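Geometric and topological summary
Here is how the chains run, residue by residue.
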Amino acid sequence: MSQAHLLIRKGRIIDPASGRDEIMDLLIEKGRLARLGASLDAPGAEIFDAEGMWVLPGLVDTCVRLPSPSSIASETRAAASGGITHLCVMPDGNPVTDSTAVVRLLREQAMKAGFARVLPLGALTQGLNGEQLAEMRTLTDAGCIGLSNAGRPVQDSLTFKRCLEYAATFDLPVMLRPEDSSLSSGGCAHEGPVATRLGLPGIPALAETIDMARALLVIEQVGVRAHIHQLSCAGSVALLRQAREAGISVTADVSIHHLLLDESALANYDSRFHVRPPLRSTADRQALLAAVADGTIDAVCSQHSPMGSASKAAPFPDTQPGIAGIETLLPLLLKLVEDGDISLLRALDAITASAGRCLGQPIGMLEPGRMAHVCVVDPTRQQRPGDDWLSRGLNSPWLETMLPGIVRLTVCDGRVTWLSD
Amino acid sequence: MTAEDTSPDVQLTDDHRLRHFLSIDGLNRPLLEEILDTAASFVEVGDRSIKKVPLLRGKTVVNLFFEPSTRTRTTFELAAQRLSADVLNIDIARSATSKGESLMDMLWNLEAMASDMFVVRHSDSGAPYFIASQVTPNVAVINAGDGRHAHPTQAMLDMYTIRHYKGGFENLRVAIVGDILHSRVARSQIHALRILGASEIRVIGPRTLLPVDIEGLGVQVYTDLEQGLRDADVVIALRLQKERMDSALLPSESEFFRLYGLDEHRLRVCHPDAIVMHPGPINRGVEIAPEVADGERSVILHQVTFGIAVRMAVMSMCISGQEGGGVL
């Protein structure tokens with residue numbers, strides 16, 4: 001894949017970062033976004049006719065889980081097919097990202113595959129054990145963009161505070177997913193009427209809000225750069241609003257499935273809907289949607305967790321939580337736009353510029369002079385994701401659902417990484 | 001976008017007959033009454049000198065127990081034998097690794113032996129649903145207790161007992177006392193009582209043993225035993241597991257008995273003809289006083305007798321639903 005010399009003609013250019021939304025041409029020269037303008041002239045450039053299509057910044061996914069470095073090729077290709085150029089990878093793969101060797105391996109595999117930029121998070125504590133600090137500065141020097149304990153939040157409050165203090169010393173961003181494990185332990189479904197009916201051990205919303213409150217208090221006191229992953233309930237949204245009003249600087253994301261689904265999906269013990277944090281009540285879902293719509297929640301992520309079929313083929317409590325969602329992030333978000341829940345510009349902002357800001361990276365924008373990260377979407381067409389599925393994980397409830405939007409072209413780092421009819 | 005539209009009741013055939021028996025939830029009153037009526041016709045089989053009918057002759061029933069149980073397994077075994085089926089008992093200690101895979105391997109192996117019915121007990125809620133989704137269409141699955149979810153044959157034998165002693169369910173006040181949170185029996189009883197038209201279903205216990213939103217199942221919640229028992233026609237005590245004390249749900253057995261244990265003195269506020277039931281095994285002096293368990297209100301031993309007839313009814317109805325259910 002060589003560096004593109006490419007003229008994308010007559011597309012509707014939507015760039016949430018600058019607020020630009022107009023029909024014009026976009027020229028990529030030597031891999032860089034050279035110019036935006038009406039009727040650009042570019043002798044020798046390949047032409048992509050984008051009439052009737054949207055031309056967007058390459059999409060940014062703030063939370064992706066990869067089982068191992070060997071899955072990078074398949075999963076970044078899946079990402080490219082979904083218009084994604086940057087994916088932030090959690091440190092809880094196998095091996096855990098707590099050494100420079102693992103960071104290097106992730107980066108090399110991503111480079112070799114060449115489909116998307118992998119932005120690794122390093123472990124906040126060694127082995128994610130929640131006890132000893134990981135070599136945070138070494139990990140970020142090796143290429144990690146931030147630090148996280150992924151799905152295993154640091155429970156001991158003293159250790160947690162020290163983690164944040166150490167990170168703040170070097171101005172390193174921390175990414176946190178709030179969950180008090182003493183309240184969530186053994187649970188597999190939202191503690192509510194559906195879990196009661198199905199007899200499934202519950203995870204109360206309180207497991208998230210207690211830890212969210214603790215995290216916000218420590219973030220405020222320490223003054224660390226922080227991002228909160230995967231809010232799942234109305235209570236967390238309320239805490240986030242309060243924190244913002246109090247002037248605490250913190251960003252947050254939500255996974256796309258928490259915007260579309262609620263606990264009722266678990267009827268008949270369908271393990272495809274086993275996710276962590278669990279799908280919660282309709283009221284929680286509506287609060288999350290409203291918070292994305294008004295920008296309180298900055299970004300929407302796929303929380304992509306590809307897994308083999310054996311992980312879901314068991315009685316519900318024994319199955320692994322997670323949805324393979326990197327290919328459906330954009331189409332599902334467009335469905336919410338279609339349904340009138342979120343404006344188009346805000347939806348796109350949540351997977352481009354805002355998502356980039358959550359990660360502390362200048363990405364997700366169409367800025368001339370920079371390396372080109374672009375995707376072109378045909379919004380008039382629909383597709384069934386399962387017809388053209390690339391992820392190794394088939395654990396998606398949407399394989400057979402018609403969804404709006406087809407990604408026709410993805411350019412990452414100035415190279416064409418996806419092209420379809 | 002929810003899954004509600006994609007969740008037809010897997011336990012019913014297209015013409016609303018039983019093909020599996022996984023939960024009372026979702027069944028209708030005529031079907032529950034059919035189970036009770038069919039069971040009534042089997043009760044007398046137990047009184048004969050030759051206690052067999054040939055309804056399941058040539059069929060193979062596999063008791064697949066992933067959780068230890070003597071009583072339930074024995075009554076299923078007897079029920080299958082009285083229906084003339086061949087019975088295979090398999091007790092499985094769950095391995096800690098790759099549970100899903102080994103479970104599926106086992107199912108396929110058993111299917112290869114031409115089994116016609118799996119009677120499943122499992123510590124995971126929903127496990128029988130998973131098994132029903134994996135077996136070939138002509139194999140019936142009966143839930144013999146899954147996690148905290150359901151124990152539908154136990155609930156139906158309790159309904160049989162109530163109908164036997166009370167004549168029906170109209171104008172009936174039923175109180176269920178104790179550990180509702182962990183009880184699959186209570187959940188199934190609540191569904192059955194609601195569907196059969198009991199006028200009032202009460203659950204009584206401390207808040208640590210009451211599941212959230214239990215009111216949504218159509219019950220009234222009481223935390224005071226005496227208030228909950230007032231004018232009750234049927235009182236059901238639930239077994240209290242000893243491990244509840246270790247997980248900070250209760251301070252002690254003795255305080256539980258002092259506040260929620262059934263003794264003669266507390267039962268005086270019930271209806272004078274009230275019956276007392278218990279799904280067993282009983283902890284005398286924890287959830288129920290010995291003089292109540294063995295007293296004249298107690299119908300506990302009759303429950304066991306009726307249990308065999310109810311299980312015969314469910315097994316024969318599932319097999320007939322499978323055969324008439326249109327397997328190509």
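Only a predicted model underlies this, so the values are computations on that prediction, with no experimental measurement involved.

Description of the overall build of chain B
Scanning chain B from terminus to terminus reveals 12 helices and nine strands. Over its C-alpha atoms, taken along the principal directions, chain B stretches across nearly 60 × 45 × 40 Å. Scored against the burial criterion, the 328 residues of chain B give a buried share of 58%. In chain B, which carries 33 positive and 43 negative side-chain charges, the distance between the mean positions of the two groups comes to 4 Å.

Quick look at the environment of Ile228(A)
Residue and element names in this part refer to chain A. Topologically, Ile-228 is positioned in strand 13 (residues 226–228). Judged by relative accessible area, Ile-228 falls into the buried class, the value being 0%. In this structure the C-alpha to C-alpha distance between Ile-228 and Val-174, which are 54 residues apart in sequence, comes to 8.5 Å.

Focus: the domain arrangement of chain B
Residues and elements named next belong to chain B. In terms of domain boundaries, chain B breaks down into domain 1 (4–150 + 305–324) and domain 2 (152–299). When each unit is reduced to the centre of its C-alpha atoms, the spacing between domain 1 and domain 2 is 26 Å. Interface area for domain 1 against domain 2, summed over the two sides, is near 2500 Å², with a carbon-plus-sulfur share of 65%. A per-residue breakdown of the area domain 1 buries against domain 2 is headed by Leu-36, Arg-148 and Phe-306, which together make up 28% of the total. Linking domain 1 to domain 2 there are three salt bridges. Between the two partners, domain 1 and domain 2, sit eight residue pairs in polar contact (both at pLDDT 80 or more). Residue assignment for the side of domain 1 that touches domain 2 shows that the elements contributing at least two residues are helix 1 (29–43), helix 2 (71–82), strand 3 (117–122), strand 4 (140–146) and helix 12 (300–324). Take the side of domain 1 that touches domain 2: its biggest share by element is nine residues, from helix 1. Considered class by class, the residues forming the side of domain 1 that touches domain 2 number 16 nonpolar, eight polar and 10 charged.

Details of the environment of Arg280(A)
All names here are of chain A. For Arg-280, the location among the structural elements is in the loop between helix 9 (256–260) and helix 10 (282–293). Judged by its relative accessible area of 3%, Arg-280 is buried. Sequence separation of Arg-280 and Leu-261 is 19 residues, and the distance between their C-alpha atoms is 8.1 Å. Discounting chain neighbours no more than four positions away, the residues touching Arg-280 are His-190, Ile-203, Pro-204, Ala-205, Glu-208, Ser-232, Cys-233, Asp-262 and Glu-263. Looking at Arg-280, its side chain comes within polar contact range of the main-chain oxygen of Ile-203, at 2.9 Å.

Overview of the sheet that holds strand 2 (residues 86–91) of chain B
Residues and elements named next belong to chain B. Strand order in the open sheet made by the four strands is 2-1-3-4, with parallel pairing throughout. For this open sheet the edge positions go to strand 2 and strand 4, each flanked by a neighbour on one side alone. Averaged over all pairs of adjacent strands, the angle between strand axes in this sheet comes to 15 degrees, irrespective of strand direction. When strand 1 (residues 60–65) meets strand 3, the two strands line up parallel, connected through five bridges. Residue pairing across strands places Val-61 opposite Met-117, the latter belonging to strand 3.

Quick word on the pattern of salt bridges
All names here are of chain A. In this structure the tally under the stated criterion is 32 salt bridges over all chains. For Arg-384, the salt bridge is made with Asp-387, and the minimal N-O distance between the two is 3.6 Å. On the basis of relative accessibility, which here comes to 57%, the residue Asp-387 falls in the exposed class. Each of Arg-177, Glu-179 and Arg-276 takes part in one network of salt bridges that share partners.

Overview of the interface of chain A and chain B
On the chain B side, the residues contacting the 25 residues of chain A number 31 residues. A combined buried area of about 2300 Å² lies between chain A and chain B, and 60% of that area is made up of carbon and sulfur atoms. Linking chain A with chain B are one salt bridge, by the criterion used here. Note that Arg197(A) is salt-bridged to Asp25(B), the shortest N-O span being 2.7 Å. Here chain A is connected to chain B by five residue pairs in polar contact (both at pLDDT 80 or more). Sorting elements by how many residues they give to the side of chain A that touches chain B places helix 6 (residues 193–198) of chain A first, with four residues. Residue classes in the side of chain A that touches chain B are distributed as 15 nonpolar, five polar and five charged.

Looking at the domain arrangement of chain A
All names here are of chain A. Domain boundaries assigned for chain A yield domain 1 (6–54 + 371–419) and domain 2 (58–358). The distance between the C-alpha centroids of domain 1 and domain 2 comes to 26 Å. Counting each side, the surface lost to burial between domain 1 and domain 2 is near 3100 Å², with a carbon and sulfur contribution of 68%. There are one salt bridge connecting domain 1 and domain 2. The residue Arg-117 makes a salt bridge to Asp-413 at a minimum N-O spacing of 2.6 Å. Among the secondary structure elements, those contributing two or more residues to the side of domain 1 that touches domain 2 are strand 1 (6–15), strand 16 (374–383), strand 17 (403–412) and strand 18 (415–419). Take the side of domain 1 that touches domain 2: its biggest share by element is seven residues, from strand 17. Across the side of domain 1 that touches domain 2, the residue classes tally to 19 nonpolar, eight polar and four charged.

Comments concerning the pairing of strand 5 (residues 54–57) of chain A
Note: strand 1 of chain A against strand 5 of chain A, two bridges, orientation parallel. When the bridges of strand 5 of chain A are listed, Ile13(A) appears paired with Val55(A).

Observations concerning the packing of aromatic side chains
Summed over all chains, the structure comprises four aromatic pairs over all chains. Relative to Phe170(A), the ring of Tyr166(A) has its centre 5.2 Å away and its plane inclined at 65 degrees; by these criteria the two rings are edge-to-face. Overall, Tyr166(A) belongs to the partly exposed group, its relative accessible area being 34%. Judged by its relative accessible area of 31%, Phe170(A) falls in the partly exposed class. With 4.9 Å between their ring centres and 50 degrees between their planes, Tyr269(A) and Tyr129(B) make a pair best called tilted. Linking Tyr269(A) in the loop between helix 9 and helix 10 with Tyr129(B) in helix 4 (residues 127–134), this pair reaches from one chain into another. Look at Tyr269(A) and you get buried, because its relative accessible area is 7%. For Tyr129(B), a relative accessible area of 12% translates into the label buried. Above the face of the Phe160(A) ring, Arg214(A) is positioned so that its terminal group lies 4.3 Å from the ring centre.

What about the confidence of the model for chain B?
All names here are of chain B. Put simply, chain B has an average pLDDT of 90, and 94% of its residues get 70 or more. The low-confidence segment residues 1–7, where pLDDT is below 50, has 11 contacts with residues more than four positions distant or belonging to other chains. The ipTM assigned to the predicted complex is 0.89, against a pTM of 0.93.

Side note on the packing of helix 1 (residues 72–81) of chain A against helix 2 (residues 100–113) of chain A
Axes are the key here: two packed helices are described by the angle between their axes and the distance separating the axes. Residues and elements named next belong to chain A. Two elements in contact, helix 1 and helix 2, have axes whose closest approach is 9 Å; the angle formed by their N-to-C orientations is 55 degrees. Considered as vectors, helix 1 and helix 2 are oriented oblique to each other. Where helix 1 crosses over helix 2, the two elements pack in a sense that is right-handed. Of helix 2, the residues touching helix 1 (which contributes Ile-72, Ala-73 and Thr-76) are Leu-106, Gln-109, Ala-110 and Ala-113. Grouping the constituent residues of the contact of helix 1 with helix 2 by class yields five nonpolar, two polar and no charged.

Digging into the pairing of strand 4 of chain B
Residues and elements named next belong to chain B. Of all seven residues in strand 4, seven are buried; the element is thus mostly enclosed. Note that strand 3 and strand 4 share five bridges and pair parallel. Bridge pairing in strand 4 places Met-117 opposite Ala-140. Where the polypeptide runs from strand 3 across helix 4 and back to strand 4, its parallel neighbour, the crossover connection is right-handed.

About the thresholds
- Residues numbered from 1 in each chain as written.
- Chains lettered and ligands numbered in written order.
- Predicted model: local features only at pLDDT ≥ 70, side-chain atom pairs only at ≥ 80, totals over all residues.
- Heavy atoms only, no water.
- Helix = DSSP H or I, 4+ residues; strand = E, 2+ residues; numbered from the N terminus.
- Buried < 20%, exposed > 50% of the residue type's maximum accessible area, 1.4 Å probe, protein only.
- Lys, Arg positive; Asp, Glu negative; His and termini not counted.
- Charge placed at Lys NZ, Arg CZ, Asp CG, Glu CD.
- Domains from an automatic or database assignment.
- Buried area = accessible area lost by both parts, 1.4 Å probe.
- Salt bridge = Lys/Arg side-chain N within 4 Å of Asp/Glu carboxyl O.
- Polar contact = N/O pair within 3.5 Å; in protein donor to acceptor, adjacent residues only side chain to side chain.
- Nonpolar A, V, L, I, M, F, W, Y, C, P; charged D, E, K, R; others polar.
- Contact = heavy atoms within 4.5 Å.
- Pairing = 2+ DSSP bridges.
- Axes fitted to C-alpha atoms, helices over the stretch in contact; angles between N-to-C directions.
- Phe/Tyr/Trp six-rings, centres within 6.5 Å; stacked < 30°, edge-to-face > 60°.
- Lys NZ or Arg CZ within 6 Å of the ring centre and 35° of its normal.
- pLDDT = per-residue confidence, 0-100.
- Parallel < 35°, antiparallel > 145°, perpendicular 65-115°, else oblique.
- Left-handed = near helix turned anticlockwise from the far one by under 90°.
- Right-handed = clockwise from strand over helix to strand, strands pointing away.

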